[in-house]
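# Per-entry structural report
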Amino acid sequence: RVQALPRDYQYVFKKMQERMWMSATGAGWDILEIQYGLIDLFEAGAAEGKGVLEMTGEDVAAFCDELLRSAKTNTENQREAFNRDILKKVNR
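Attention here is on the structure that accompanies the text. (Residues numbered from 1 in each chain as written. Predicted model: local features only at pLDDT ≥ 70, side-chain atom pairs only at ≥ 80, totals over all residues. Heavy atoms only, no water.)

### Describing the side chain of Gln-10
Within the fold, Gln-10 resides in helix H1 (residues 7-23). Look at Gln-10 and you get buried, because its relative accessible area is 15%. When near neighbours in sequence (up to four residues on either side) are disregarded, Gln-10 contacts Val-2, Gln-3 and Leu-5. (Helix = DSSP H or I, 4+ residues; strand = E, 2+ residues; numbered from the N terminus. Buried < 20%, exposed > 50% of the residue type's maximum accessible area, 1.4 Å probe, protein only. Contact = heavy atoms within 4.5 Å.)

Shown next, in the form of structure tokens:
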């Protein structure tokens with residue numbers, strides 16, 4: 001499906017995909033679900049003749065980060081472990 005998109009959409013999708021996988025944790029099912037939704041969004045935008053940046057805005061990183069809010073990420077796991085370790089030591 002991604003290969004059927006216009007080249008600009010393909011490029012942005014692949015860059016966003018790389019960014020998402022860097023944040024993935026576990027099996028990455030959350031990330032896959034987000035990516036399928038992104039393909040749907042990009043297909044709709046391309047069908048309407050919109051440019052990819054009309055869909056994402058010029059701050060593509062912020063758009064990607066917003067999509068990742070619903071996924072469990074490594075950052076979230078690191079934050080939880082960090083707080084857990086401190087609370088465990090301080091609260092003994």
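Here the narrative resumes.
### Observations concerning the packing of H1 against helix H2 (residues 29-47)
A pair of packed helices is captured by two measures, namely the crossing angle of their axes and the spacing between those axes. Contact pair H1 / H2: the axes reach a minimum separation of 11 Å and the direction vectors enclose 165°. Taken together, the axes of H1 and H2 lie roughly antiparallel to each other. Taken as a pair, H1 and H2 cross one another with a handedness that is right-handed. Contact residues: Tyr-9, Val-12, Phe-13, Met-16, Gln-17, Met-20 and Trp-21 in H1; Ile-31, Leu-32, Ile-34, Gln-35, Leu-38, Ile-39, Phe-42, Gly-45 and Ala-46 in H2. Taken together, the residues that form the contact of H1 with H2 break down as 13 nonpolar, three polar and no charged. (Axes fitted to C-alpha atoms, helices over the stretch in contact; angles between N-to-C directions. Parallel < 35°, antiparallel > 145°, perpendicular 65-115°, else oblique. Left-handed = near helix turned anticlockwise from the far one by under 90°. Nonpolar A, V, L, I, M, F, W, Y, C, P; charged D, E, K, R; others polar.)

### Section: H1
Between its terminal C-alpha atoms H1 stretches 25 Å, which fits the 24 Å expected from 17 residues at 1.5 Å a residue. Where H1 is concerned, the buried positions are Tyr-9, Gln-10, Val-12, Phe-13, Met-16, Met-20 and Ser-23. One side of H1 carries all its buried residues, which in axial view fall inside an arc of 165°. More than 90 degrees from the buried face of H1, the exposed residues found are Arg-7, Tyr-11 and Met-22. (Expected span 1.5 Å × (residues − 1). Arc of directions from axis to C-beta.)

### Quick notes on the pattern of salt bridges
Throughout the structure, instances matching the rule amount to six salt bridges. Linked through salt bridges whose partners overlap, the residues forming this network are Arg-1, Asp-40 and Glu-43. (Salt bridge = Lys/Arg side-chain N within 4 Å of Asp/Glu carboxyl O.)

### Re a nonpolar patch on the surface
Together, Phe-82, Ile-86 and Val-90 make up an exposed nonpolar region whose accessible area comes to about 310 Å². Mapped onto the secondary structure, Ile-86 falls in helix H5 (residues 74-91). (Patch = residues over 30% accessible without salt bridge, like charges linked within 9 Å, V, L, I, M, F, W, Y side chains within 5 Å. Areas by Shrake-Rupley, 256 points an atom, 1.4 Å probe, with all protein chains shown as cover.)

Purely geometric stuff here, so don't read any function into it on its own.
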